[in-house]
Amino acid sequence: MSDLRLVPAALAAWATAFLAVGAPPVVLLRGATLAVVLLAVVLAALLLTERGRRRAAPTRCVVRGDGTSRQGAVARTAGQAALVTVCAAAVLLSAGSQLADRAALADLADQGATATVTATVRSAVVPRTNPWSGATDRYEVRVALDGLTARGVSSSVTGAVVVTGPGGGWDDLAYGSTVAVTGRLDVQGDRTVLRTDAPPRVLEPAGAFLRGVHAMRRGLLDATDGLSPQARGLVPGVAIGDTSRLDPALDEAMRTTSLTHVTAVSGGHFAIVVACVAGLCVLVRAPRAVRVVVTGAAMVGFVVLVHPEPSVLRAAAMGVVGVVGIALGRPSRAVAALAAGVVVLLVVDPWLARSYGFVLSVAATAGLALLAAPLARRLAPWTGRTAAHVVAVPVAAQAACAPVLVLLDPSVSTWSVPANLAAAPALGPATVLGVLATLVAPWWPGAATALGWAAGIFTGWIARVAETFAGLPGARTPWPGGVGGLVLLALGTAGVLGVVLRSRALRDAGERRALRASSSPPLRDRAARAVRTARRRWSGSRGRSGWPGAAPRRARPPRAQVATAALLVVGAVLVVALVRPLLVTGGAVPDDWAVVACDVGQGDALVLRSGPRSAVVVDVGPPGAAAGGCLDRLGVERVDLLVLSHFHADHVGGLDAVLRGRTVVRALVTATADPPEQAERTLAALTDAGVPVQVAQPGATGSAGAPDDMGGNQDVGVSGEPGAGAGGVRWEVLQAGVDGGPTSAARPSTSRAVTAESDGGANDASVTLLLHVAGMDVVALGDLEDAGQTALARTLAQRGSGPVDVVKVAHHGSATQSDRLAELLSPTVALVSSGENTYGHPTDRALDLYRGVGATVLRTDTCGTFALVVRDDVLAAAGCG
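Fair warning: this is a prediction, and the values are worked out from it, not measured in the lab.

Reading guide: rules and limits
- Residues numbered from 1 in each chain as written.
- Predicted model: local features only at pLDDT ≥ 70, side-chain atom pairs only at ≥ 80, totals over all residues.
- Heavy atoms only, no water.
- Helix = DSSP H or I, 4+ residues; strand = E, 2+ residues; numbered from the N terminus.
- Buried < 20%, exposed > 50% of the residue type's maximum accessible area, 1.4 Å probe, protein only.
- Contact = heavy atoms within 4.5 Å.
- Areas by Shrake-Rupley, 256 points an atom, 1.4 Å probe, with all protein chains shown as cover.
- Core = buried A, V, L, I, M, F, W, Y, C linked by side-chain atoms within 4.5 Å.
- Salt bridge = Lys/Arg side-chain N within 4 Å of Asp/Glu carboxyl O.
- Disulfide = S-S within 2.5 Å.
- Pairing = 2+ DSSP bridges.
- Axes fitted to C-alpha atoms, helices over the stretch in contact; angles between N-to-C directions.
- Patch = residues over 30% accessible without salt bridge, like charges linked within 9 Å, V, L, I, M, F, W, Y side chains within 5 Å.
- Phe/Tyr/Trp six-rings, centres within 6.5 Å; stacked < 30°, edge-to-face > 60°.
- Expected span 1.5 Å × (residues − 1).
- Parallel < 35°, antiparallel > 145°, perpendicular 65-115°, else oblique.
- Left-handed = near helix turned anticlockwise from the far one by under 90°.
- Nonpolar A, V, L, I, M, F, W, Y, C, P; charged D, E, K, R; others polar.
- pLDDT = per-residue confidence, 0-100.

**Let's talk about the overall build of the protein chain**
Counting secondary structure elements, the protein chain contains 26 helices and 26 strands. By residue count, 47% of the 881 residues in the protein chain fall in the buried class. Of the contacts made within the protein chain by residues no fewer than 6 positions apart, 73% connect residues no fewer than 24 positions apart. Counting every atom, the protein chain has about 40,600 Å² of accessible surface; 60% of that belongs to carbon and sulfur.

**Quick look at the nonpolar core**
By size, the foremost hydrophobic cluster in this structure holds 34 residues, and its most contacted members are Trp593, Val596, Val607, Val620, Leu642 and Leu686. Of all the secondary-structure elements, those providing two or more residues to this core are strand 13 (614-618), helix 19 (626-634), strand 14 (638-644), helix 21 (655-659), strand 16 (667-669) and helix 22 (676-688). Each residue touching leucine 642, except ones within four places of it in the same chain, is listed here: Val617, Val620, Leu655, Val664, Arg666, Ala667, Leu668 and Leu686. In this structure, Val767, Ala780, Val829 and Leu831 belong to the second largest nonpolar core, which totals 33 residues.

**Notes on the pattern of salt bridges**
The tally for this structure, following the rule as stated, stands at eleven salt bridges. Glutamate 637 is the partner of arginine 613 in a salt bridge, and the nearest nitrogen-oxygen pair spans 2.9 Å. Placement of the pair is arginine 613 in the loop between strand 12 (606-611) and strand 13 and glutamate 637 in the loop between helix 19 and strand 14, with a sequence separation of 24 residues. The class of arginine 613 is partly exposed, set by a relative accessible area of 45%. The residue aspartate 848 makes a salt bridge to arginine 851 at a minimum N-O spacing of 3.8 Å. Residue aspartate 848 and its partner arginine 851 are both found in helix 25 (residues 844-852); the two are separated by three residues, about one turn of the helix. A relative accessible area of 44% places arginine 851 in the partly exposed class. What you see here is one network of salt bridges that share partners, running through Asp225, Arg232 and Arg245.

**Side note on the state of the cysteines**
Here, disulfide denotes a covalent bond that connects the sulfur atoms of two cysteines. Throughout the structure, instances matching the rule amount to one disulfide. Residue pairing for cysteine 598: its cysteine sulfur links by disulfide to cysteine 630, the two sulfurs lying 2.0 Å apart. Around the S-S axis, the bridge from cysteine 598 to cysteine 630 shows a dihedral of about -70 degrees and counts as left-handed. Pair noted here: cysteine 598 is in the loop between strand 11 (595-597) and strand 12 and cysteine 630 is in helix 19, with a separation of 32 residues, a long-range link.

**With respect to the sheet that holds strand 19 (residues 729-735)**
With mixed pairing, seven strands are arranged side by side in an open sheet as 18-19-20-21-22-23-24. Unpaired on one side and paired on the other, strand 18 (701-704) and strand 24 (856-859) mark the two borders of the sheet. In this sheet, neighbouring strand axes are inclined to one another by 20 degrees on average, regardless of whether the strands run parallel or antiparallel. Sitting on the sheet, helix 23 (residues 786-799) touches strand 19 and strand 20 (768-773), and the angle it makes with strand 19 is about 115 degrees.

**Quick word on a nonpolar patch on the surface**
Taken together, the side chains of Leu34, Val37, Leu38 and Val41 make up a nonpolar region of the molecular surface, amounting to roughly 360 Å² of accessible area. Tracing the backbone through its elements, the reader meets leucine 34 in helix 2 (residues 25-55).

**Some words on the packing of aromatic side chains**
All chains considered together, the criterion is met by two aromatic pairs. On the basis of an interplanar angle of 50 degrees and a centroid distance of 5.0 Å, the ring pair of tryptophan 14 and phenylalanine 358 is categorised as tilted. A residue pair is termed long-range when its members are at least 10 positions apart, and tryptophan 14 in helix 1 (residues 7-20) and phenylalanine 358 in helix 11 (residues 356-383) qualify at 344 residues. Across the pair, phenylalanine 358 and tryptophan 14 agree in class, each one buried. Summarising the aromatic geometry, the rings of tryptophan 415 and phenylalanine 469 are spaced 6.4 Å apart at their centres and angled 45 degrees between planes, so their arrangement reads as tilted. Here the residue tryptophan 415 occupies a position in the loop between strand 9 (411-413) and helix 13 (416-440), and phenylalanine 469 occupies one in helix 14 (residues 445-470), the gap between them amounting to 54 residues. Look at tryptophan 415 and you get partly exposed, because its relative accessible area is 29%.

**Digging into helix 22**
The end-to-end C-alpha distance of helix 22, which contains 13 residues, comes to 18 Å, matching closely the 18 Å that a straight helix rising 1.5 Å per residue would cover. Once helix 22 ends, the next one or two residues include glycine 690, with phi positive near 70 degrees.

**Considerations on the environment of threonine 701**
Within the secondary structure, threonine 701 sits in strand 18. The class for threonine 701 is buried, based on a relative accessible area of 9%.

**Some remarks on helix 23**
Compared with the 20 Å implied by 1.5 Å per residue over 14 residues, the 20 Å span of helix 23 between its first and last C-alpha is a close match. Turning to helix 23, its buried residues are Gly788, Gln789, Ala791, Leu792, Ala793 and Leu796. Packing partners of the buried residues in helix 23 comprise strand 19, strand 20 and helix 24 (819-825). Looking at the residues trailing helix 23, positive phi occurs at glycine 800, about 75 degrees.

**Considering unusual backbone geometry**
Omega for the peptide link from aspartate 674 to proline 675 comes to 0 degrees, which places this bond in the cis form. Summarising the element assignment, proline 675 is placed in the loop between strand 16 and helix 22. Of note, the amide linkage connecting histidine 841 to proline 842 takes the cis form, showing an omega dihedral of -10 degrees. Along the chain, proline 842 turns up in the loop between strand 23 (829-832) and helix 25. Of note, arginine 285 is a non-glycine position whose phi angle comes to about 55 degrees, a positive value. Within the element layout of this structure, arginine 285 appears in the loop between helix 7 (267-283) and helix 8 (288-306).

**Considerations on the pairing of strand 5 (residues 160-166)**
Of all seven residues in strand 5, six are buried; the element is thus mostly enclosed. Alignment of strand 3 (residues 136-150) against strand 5, held across seven bridges, turns out to be antiparallel. Residue arginine 138 lies in a different strand from strand 5, and its bridge partner there is proline 166. In terms of strand pairing, strand 5 meets strand 7 (residues 191-195) through three bridges, oriented parallel. Of the residues in strand 7, the one forming a bridge with threonine 164 is arginine 195.

**Here we look at the pairing of strand 20**
A large share of strand 20 lies buried, amounting to six of its six residues. Residue alternation in strand 20 divides its side chains into two sets, Thr768, Leu770 and His772 and Leu769, Leu771 and Val773, and both sets are buried. In this sheet, strand 20 lies alongside strand 19 in antiparallel orientation, the contact comprising six bridges. Paired with glutamine 735 across the strands is threonine 768, a residue of strand 20. Here strand 20 runs beside strand 21 (residues 776-780); their pairing, made up of five bridges, is antiparallel. Bridge pairing links valine 773 to methionine 776 in strand 21.

**Topic: the packing of helix 12 (residues 385-408) against helix 15 (residues 482-502)**
Across the interface, helix 12 lies against helix 15 with an axial gap of 8 Å and an inter-helix angle of 165 degrees. Here helix 12 lies roughly antiparallel to helix 15, going by the angle between them. Note on packing geometry: the crossing formed by helix 12 with helix 15 is right-handed. Along the contact surface, helix 12 presents Ala399, Ala402, Pro403, Val404, Val406 and Leu407, while helix 15 presents Gly482, Val483, Gly485, Leu486, Leu489, Ala490, Thr493 and Leu497. Residue composition of the contact of helix 12 with helix 15, by class: eleven nonpolar, three polar and no charged.

**Concerning the confidence of the model for the protein chain**
With 77% of its residues at a pLDDT of at least 70, the protein chain reaches an overall mean of 78. Low pLDDT, under 50, characterises residues 63-67; the stretch is placed with eleven contacts to residues that sit more than four places away or in other chains. Considering only residues more than four positions removed or in separate chains, one finds that residues 537-587, a stretch of pLDDT under 50, has 55 contacts.

**Some thoughts on the environment of alanine 426**
Checked against the element boundaries, alanine 426 lands in helix 13. Separated by 35 residues in the primary sequence, alanine 426 and tryptophan 461 place their C-alpha atoms 6.7 Å from one another. Those residues within four positions of alanine 426 in sequence are excluded, and the remaining contacts are Phe458, Trp461 and Ile462.

**Examining the packing of helix 5 (residues 229-240) against helix 14**
Look at helix 5 against helix 14: their axes get within 9 Å of each other, and the N-to-C directions meet at 100 degrees. Classified by the angle between their axes, helix 5 and helix 14 sit roughly perpendicular to one another. For the pair formed by helix 5 and helix 14, the contact residues are Gln230, Ala231, Leu234, Val235 and Val238 on the first element and Gly452, Ala455, Gly456, Thr459, Gly460 and Ala463 on the second. A class-by-class count of the residues in the contact of helix 5 with helix 14 yields six nonpolar, five polar and no charged.

Laid out in structure tokens, this is it:
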């Protein structure tokens, strides 16, 4: 049995940390004081119980069914309570002291103050793509503050800050350097950000050892720069966790198949490194003390090589727990060590309690410690011992992590287990060869390139596995999101594991198979003895209490198992019914979809159905195939109207994939060519594809897929036929620039539109539309900023426009949102299209604003691609809730 005595303390520390990081420091310090008082009370009760136990006569000792005295049970309970209280108090004290140190920094960030900071670099520099120009012209790095000067006052403020700056100094900044930088502080979600347009001033370079590590990392990137695209991105990712060159399509395929742990330095990487070093020590017959020292040094060296960021330290701690538990042959100890590690990490950094990475890391390790061995034992009669362990590891990890992953992406990776099984043989060689290439890169670039090429063979295997399984039907199965989805999947997983691990029928079938597989009499006798031993253990764990004379428990009858299964099913149904009232079954995008928000990452792509295989498309997302792939999955062969709200790359970058293999009847664009290079490329692509381009004017109207009687422009499909049963899409330009007033509709053009370069107001020049589809009124706000939203609110108020059904929230849910506009629109559903970004999108302000006017907020960054449908005049969502 597993040793679970430290689990309550770990859970208490986690719950305390989760609540503490959102509370004021004064409250935390008072809570810590109360915890200390409770600890004193518990210790006093424990002392009195111990004295009573010693004085009690043996004849008066009441024995429980498990062989322990009542006094001993009370003592253990009091001890457990004392441990829980100590852990909670430690977390409260740590969080309170750290919050007090961060209070001044948080106040300055909330006010957007300009500050000069002195800090030490504590992460690798990450390149970021500019969503407006599409170029990689900014870099991001995490630093630890040593001092701060703001508003003429200098202070010794501590805390972590993310600095974003341009090239020319930021792109090659070594880990461990001490820098000074001036910029504007800001808050993005749970991060404090310092934005600067100046290069860093290096006050003190990194030490010689860290400079060597930096040279190794740069050397690996240089050595692999000429390799194939997958190797160029995957080899640095597998070796040192650098994913800056990973192809977005391959990255998405790896997410779909749950293979992201390959490039996110995880406990598996540490296990591979430790296993290799320990194996070499065994080969040279090194003494045990030498093996321990060498292995520990290798572990520390690998942490420094990949940089000791919080996620890496977390993976290292969990990797050590797993390796130690397996090496000692005591998986039961792994749970206790894991619980102790959780407590220590949460005391050091209470903010880990709200980190999905930390949750997944702990869940995966707990799954391996608790489930891998039992699953392997149950599978062994059917697959053999080796294959059983190979299969049990990914199954156990997936079972533990899948419910948590639903909170990030409301879907289940159908092929994750077979994909991980297929990729597992390549991970070890790829990691070892990649690390070796890193170590030799500064001194022998040719050898590093050769090793990187060899590692690329194995990463190519991993890439092919990810792409193959991601392309299979049903690679991502839609699942309810939120807490309801988590509970539902957890119940289902627990039910399946209970049947597999506790079913007598499966156990007996496995035993019979094991006996039949033993061909020779000695092997058959040995198998029979093993079966009898297993039966005794199984029946003892279920039927005997372990105290002499205790009556064995009767085996649970089959009807009880049926009743339990029925209760699980009923519970799951209730969870779905109560928590997910808008869930539409039959897949993420049902056949009768009316509006689809495509998940294109940090960008916009909205699709409105205008016919059986045609649609109106508003924006096409950032560069890549995401928008085109979304249209392919929807079966859209013709785009009756393509609206490009403005020319920023996160709205027009995916144009090539949308144009490829599809007929685009007409394009509607803004009159503001900003940025000019991006506008020129976009208009050239439309002209080359033979797409007529119309410059949007306020008041312009039209229809797509069906004729209308709006009195404005009529825009029918290529065939001139309306969408079958869909009624088509009617549209009206509400605004196309802050200063433009309503004019007559512009005539479509078959040549490149004539546009003018603005002075930087591209966002406020967004084409804003009112669209009517399937009985719904949909307003698409583009990236309107404050001035644009204020002007639109004024226009709508003058028109007397009332509430609408759907709003595509402006600028990916940025903090710049008009309260007046939200009140005027008062949508039933607010769509937010965003992805991984450094801007904090969507912001709490935007989400709270639209929830406050009664809208249900649906987000692509948490839901993925989702659809809106209208059934029996009721608006519902598919794939998100």
